[in-house]
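Listed here are the chains, written in short residue letters.
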Amino acid sequence: MAGKPKLYYFNGRGRMETIRWLLAAAGIEFEEQFLETREDLLKLQQDGALLFQQVPMVEIDGMKMVQTRAILNYISGKHNLYGKDLKERALIDMYVEATMDLNEMIMLHPIQPSETKAKHFATVIEKATTRYFPVYEKALKDHGQDFLVGNRFSRADVQLLETILMAEECKPDILSKFPVLQGFKAKISNIPTIKKFLQPGSQRKPPLDEKLVPKVKSIFYTDNE
Amino acid sequence: MSGKPKLTYFNGRGCMESIRWLLAAAGVEFEEEFLETREQYQKLIKGGALLFDQVPLVEIDGMKIVQTRAILCYIAAKYNFYGKDLRERALIYMYVEGTADLMGMIITFAFTPPKERNLALIIERATTRYFPVYEKVLKQHGQEFLVGNRFSWADVQLLEAILMVEEKEPTVLSKFLVLQAFKARISNIPTIKKFLQPGSQRKPPPDDQYVATVIEVFKKD
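Per an unreviewed UniProt entry, chain B goes by glutathione transferase and derives from Gopherus agassizii. Per UniProt, chain B has the following entry under Sequence similarities (unreviewed entry): "Belongs to the GST superfamily. Alpha family."

Under an unreviewed UniProt entry, the name given to chain A is glutathione transferase, and the source organism is Gopherus agassizii. Per UniProt, the comment on chain A under Sequence similarities (unreviewed entry) is "Belongs to the GST superfamily. Alpha family."

Next comes the structure, spelled out in structure tokens:
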């Protein structure tokens, strides 16, 4: 039978981090192989391991899965983190697509050209506090339950917590106007698998050190993306 | 019960077109409300119809679903276009994400200033990164459809992507014999054939007026 899932990516958050969060939340141990140079990526491509020549790639259950969302959907479905029916799944999908939009903005911040960096940052904060967080604040407030959907822990909760923490790294008091989200953050952080992932020594990756941006770019961006 | 699904978007392809394709493939009739002015958009927001202030919006089965992929996944699953188990679903979703990336390049093309447009890159990606994958998949199992020997969302979206790239470069499939046959076959499925005929709800490629409308509606005050 298949062993632990194995993640192929560079040693940083990027698009793989949400996958790490989800596996961790589900209590699934995983291995990682880090791309350190462009040659590492080229080798994977030449070996035919990457369906569309791109990472993230996750070896899981005998499949070499690519495309971040495909991987997340598979893990969620397999580990019952995707709601109980189509309607719950639709709600979860809406919520996670939005967190992924916000995550992506935050993720792309370090590689913004210096002329537009400050403006980009302001947009991130604005979108977080006026477009995204109010929706989750209201959803939780309206039903008064611990979890976003169906009164049950799902990927939507994991991904929202991940995004909240990323946003707080940008602006520590970003949740100041969102008391329900503050409560949510505390509650979800205390779930044993999540709590473990939040501790030092876990496979959670730190924010991208600006000094490493050229190196990451050299792995991925030589031929434009 | 609710009636037909109702789509709210611009009168053009954008992020809604894949949704139109999927509904059409499933033989589901749908209504459309077209965004034409900023006032209309702001009215939608004020009315609370747009969860994250964004379109596409599809009202279906009593829900107001936003986020393109959320909508597509719901429709695909509801109408049995999403495979028979988790593994088929994984494969289908990988394939659709590939075609979505390719089509995404073409969608943003219309909104890129002409000097910065890179059609050559789109064609290169199509012919070296994406089409070879689907050509190989179909060749290897020799079946009519990409996944599980059954018509799925992956087939619909691949056809959509092929036609979109062909609009930019008509000879793009010249080296992909299996895809040429696939294109002919899938185009002949009755629901798809109907959608490909004039008068259907399929939208034409974006023109300057479409681009101008979108920019105007989303313009910040």
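From this point, the discussion proceeds with the structure in view.
Chemist: Lay out the interface of chain A and chain B in plain terms, naming residues and giving numbers.
Modeler: Each side of the interface is counted separately: chain A has 36 residues, and chain B has 35 residues. Taken over both partners, the interface formed by chain A and chain B buries close to 3100 Å², and the fraction arising from carbon and sulfur atoms is 61%. Looking only at chain A, the three residues that lose the most surface to chain B are Phe52, Met94 and Arg131 of chain A, adding up to 21% of its buried area. Summed over the shared surface of chain A and chain B, the number is two salt bridges. The residue Glu97 of chain B makes a salt bridge to Arg69 of chain A at a minimum N-O spacing of 4.0 Å. Those elements giving two or more residues to the side of chain A that touches chain B turn out to be strand 4 (63-66), helix 3 (68-78), helix 4 (86-107) and helix 5 (117-143) of chain A. Here the side of chain A that touches chain B gets ten residues from one element, more than from any other, and that element is helix 4 of chain A. Grouping the amino acids of the side of chain A that touches chain B by side-chain chemistry returns 16 nonpolar, seven polar and 13 charged.

Chemist: Give me the UniProt feature "domain: GST C-terminal" (unreviewed entry) in chain B: which residues, what numbers.
Modeler: As annotated in UniProt, the feature "domain: GST C-terminal" (unreviewed entry) corresponds to residues 85-206 of chain B in the numbering used here. Annotated as 66% helix and 0% strand, the span residues 85-206 of chain B places its first and last C-alpha atoms 37 Å apart.

Chemist: Provide a residue-level description of the nonpolar core, including the pertinent values.
Modeler: In this structure, Phe133 of chain A together with Phe131 and Trp153 of chain B are the most contacted members of the largest nonpolar core, which totals 159 residues. Sorting elements by how many residues they give to this core places helix 4 (residues 86-109) of chain B first, with eleven residues. Not counting chain neighbours up to four residues away, the residues in contact with Phe133 of chain A comprise Leu102, Ala128, Ile164, Ala167, Ile174, Leu175, Phe178 and Leu181 of chain A.

Chemist: Could you give an account of the UniProt feature "domain: GST N-terminal" (unreviewed entry) in chain B, with specific residues and numbers?
Modeler: Mapped onto the present numbering, the UniProt feature "domain: GST N-terminal" (unreviewed entry) falls on residues 3-83 of chain B. What you have in residues 3-83 of chain B is 36% helix and 20% strand, and the ends, taken at the C-alpha atoms, are 26 Å apart.

Chemist: Help me get a handle on the confidence of the model for chain B, residues and values and all.
Modeler: The pLDDT averaged across chain B works out to 96; a share of 98% of its residues lies at or above 70. Model confidence for the complex: the whole-complex pTM is 0.95, and ipTM, which rates the interface, is 0.94.

Chemist: Lay out helix 9 (residues 208-218) of chain B in plain terms, naming residues and giving numbers.
Modeler: Residues and elements named next belong to chain B. Residues of helix 9 that are buried: Tyr210, Val211, Thr213, Val214 and Val217. Projected onto a plane normal to the axis of helix 9, the buried residues spread over an arc of 160° and lie on a single side. Those residues of helix 9 that are exposed and aimed more than 90 degrees away from the buried face are Asp208, Gln209 and Ile215. In this fold, the buried residues of helix 9 make contact with strand 1 (6-9) and helix 2 (38-46).

Chemist: Requested: an account of the state of the cysteines, with residues and values cited.
Modeler: In total, this model carries zero disulfides over all chains according to the counting rule given. Summary of cysteine pairing: Cys15 of chain B is not part of a disulfide, and the nearest cysteine sulfur, belonging to Cys73 of chain B, is at 15 Å.

Chemist: Could you give an account of the UniProt feature "domain: GST N-terminal" (unreviewed entry) in chain A, with specific residues and numbers?
Modeler: Following the UniProt record, one finds the feature "domain: GST N-terminal" (unreviewed entry) at residues 3-83 of chain A. Along residues 3-83 of chain A one finds 36% helix and 22% strand; the C-alpha atoms at either end are 26 Å apart.

Chemist: Give a description of the sheet that holds strand 1 of chain B that names residues and reports values.
Modeler: Residues and elements named next belong to chain B. The four strands lie next to each other as 2-1-3-4, forming an open sheet whose pairing is mixed. Whereas interior strands pair on both sides, the edge strands pair on one side only; in this sheet they are strand 2 (31-34) and strand 4 (63-66). Taken over all neighbouring pairs, the strand axes of this sheet differ in orientation by 20° on average, direction set aside. Bridge count for strand 1 against strand 3 (residues 57-60) is three bridges, and the pairing is antiparallel. Bridged to Leu7 within strand 3 is Val58.

So, how was this worked out
- Residues numbered from 1 in each chain as written.
- Chains lettered and ligands numbered in written order.
- Predicted model: local features only at pLDDT ≥ 70, side-chain atom pairs only at ≥ 80, totals over all residues.
- Heavy atoms only, no water.
- UniProt positions renumbered as here; feature names shortened; annotations may be inferred.
- Contact = heavy atoms within 4.5 Å.
- Buried area = accessible area lost by both parts, 1.4 Å probe.
- Salt bridge = Lys/Arg side-chain N within 4 Å of Asp/Glu carboxyl O.
- Helix = DSSP H or I, 4+ residues; strand = E, 2+ residues; numbered from the N terminus.
- Nonpolar A, V, L, I, M, F, W, Y, C, P; charged D, E, K, R; others polar.
- Core = buried A, V, L, I, M, F, W, Y, C linked by side-chain atoms within 4.5 Å.
- Buried < 20%, exposed > 50% of the residue type's maximum accessible area, 1.4 Å probe, protein only.
- pLDDT = per-residue confidence, 0-100.
- Arc of directions from axis to C-beta.
- Disulfide = S-S within 2.5 Å.
- Pairing = 2+ DSSP bridges.
- Axes fitted to C-alpha atoms, helices over the stretch in contact; angles between N-to-C directions.

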